[in-house]
Amino acid sequence: MARMAGRRALFAAPVLLVVTFGVFAVAAASPFDPVKAYTGTAGLTATQENLDQIRANLGVDQPLVTRWWNWLMSALRGDLGNSSVLRRPVAEVVGERIGWSALLAVTAFAVAILLGTALGVLAARRRGGWLDRCVSSTAYTLEAAPAFWLGLLAIWFFALELGVLPAGGLTDTASDVVTFGQVATHLVLPAAVLGISQLPWFFLYVRQGVADALDEDPVRGARARGLGEPTVLLGHALRSGMLPMLTLIGSRVPELITGALLVETVFSWPGIAAATVQAATSVDFPLLAALTVLATAAVLAGNLLSDVLYGLADPRVGFDG
């Protein structure tokens, strides 16, 4: 496992370099002017000399390669620079938001995996039954439903019609203190929406994997030896049937990140979504590069996690092979 992790780390370094350079290249080709975004309405009356001075202060008057190299060298020393739009250190902006985004993503992923696995096992046990048909039809429908549409639907039903859950935010409107109870209550809808948007893939993979495992000789042999149905289903069929699902975890991380950005926007969740949108539209090079590196690192970590889980679940897979 150590050897595999080392190879992945060596592979991750050039990937991150290429990604960060691509961010600066795309931002440089963008029609948005970072100086106009920085000055706002004051830029309308500013002289060209003042605008040129601001451009030099922001470093956007330098060539593309120079800007990227300067940012990279500073980042390696732990300095991610300052956000030209939020006018705060990038590390501070990311630090105060990444925790809330991670809480939302991890909770939603847990919902998708646990609920998808449970429903997949139940559906596979009675293939063609009413539960299998109902859940499978719903899963195929949810595959085509955008996360933001599910979020708006959830707000309309649970917040506006029933009034049982808050429509958004992190705490109650009249509260100035962040408490565990308020955060937990406000987390329910965005985490459920994001988790349900990811659930169809986990359900379908587990359903198919367990259904195939139930027809294999080892499972038939376990039943012939008189083992109970729960033991056969959970101890044999589920372990074999979950192997394909474990590889799905890493591939769903990019979709999870994209969905999290949409869900955070719909529910006004104080994560990195707002900062990402501001960084993109304002061509905020340091903030945009830092957020992109985080997203890329999350994808690489997800792929590594899939390999590790697969190797732990199937002893036949060698970590160092």
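In what follows, the structure referred to is the one given above.
Chemist: What am I meant to see in the overall build of the chain here?
Modeler: Each helix and strand in the chain was counted, giving 13 helices and zero strands. Seen in sequence order, the chain has helices and strands lined up from the N terminus as α-α-α-α-α-α-α-α-α-α-α-α-α. The buried share among the 321 residues of the chain stands at 38%. Of all intrachain contacts in the chain linking residues separated by at least 6 positions in sequence, the fraction that spans at least 24 positions is 75%. Put simply, the chain shows about 16,900 Å² of open surface, and 66% of that area lies on carbon and sulfur atoms.

Chemist: Would you mind showing me how to read the nonpolar core here?
Modeler: For soluble globular proteins, the rule of thumb is that nonpolar side chains tend to be buried together. Of all hydrophobic cores here, the largest spans 41 residues; its most connected members are L104, L194, F202, V210, V263 and F267. Within the residue set of this core, elements represented by two or more residues are α5 (90-125), α7 (147-161), α8 (180-214), α10 (229-241) and α11 (243-267). The residues touching V263, leaving out its near neighbours within four places in the chain, are L104, A147, P190, V193 and L194. W71, V94, I272 and A275 belong to the second largest nonpolar core, which has 23 residues in total.

Chemist: Whenever I open this one, the packing of aromatic side chains confuses me. Can you help?
Modeler: Aromatic ring pairs: the centre-centre distance and the angle between the two ring planes describe each pair. For the structure shown, the criterion picks out six aromatic pairs. Centre to centre, the rings of F109 and F202 are 5.7 Å apart; their planes meet at 80°, and the pair counts as edge-to-face. In this pair, F109 is assigned in helix α5 and F202 in helix α8, connecting sequence segments 93 residues apart. This pair shows no difference in class: F109 is buried, exactly as F202 is.

Reading the values: the criteria
Residues numbered from 1 in each chain as written. Predicted model: local features only at pLDDT ≥ 70, side-chain atom pairs only at ≥ 80, totals over all residues. Heavy atoms only, no water. Helix = DSSP H or I, 4+ residues; strand = E, 2+ residues; numbered from the N terminus. Buried < 20%, exposed > 50% of the residue type's maximum accessible area, 1.4 Å probe, protein only. Contact = heavy atoms within 4.5 Å. Areas by Shrake-Rupley, 256 points an atom, 1.4 Å probe, with all protein chains shown as cover. Core = buried A, V, L, I, M, F, W, Y, C linked by side-chain atoms within 4.5 Å. Phe/Tyr/Trp six-rings, centres within 6.5 Å; stacked < 30°, edge-to-face > 60°.

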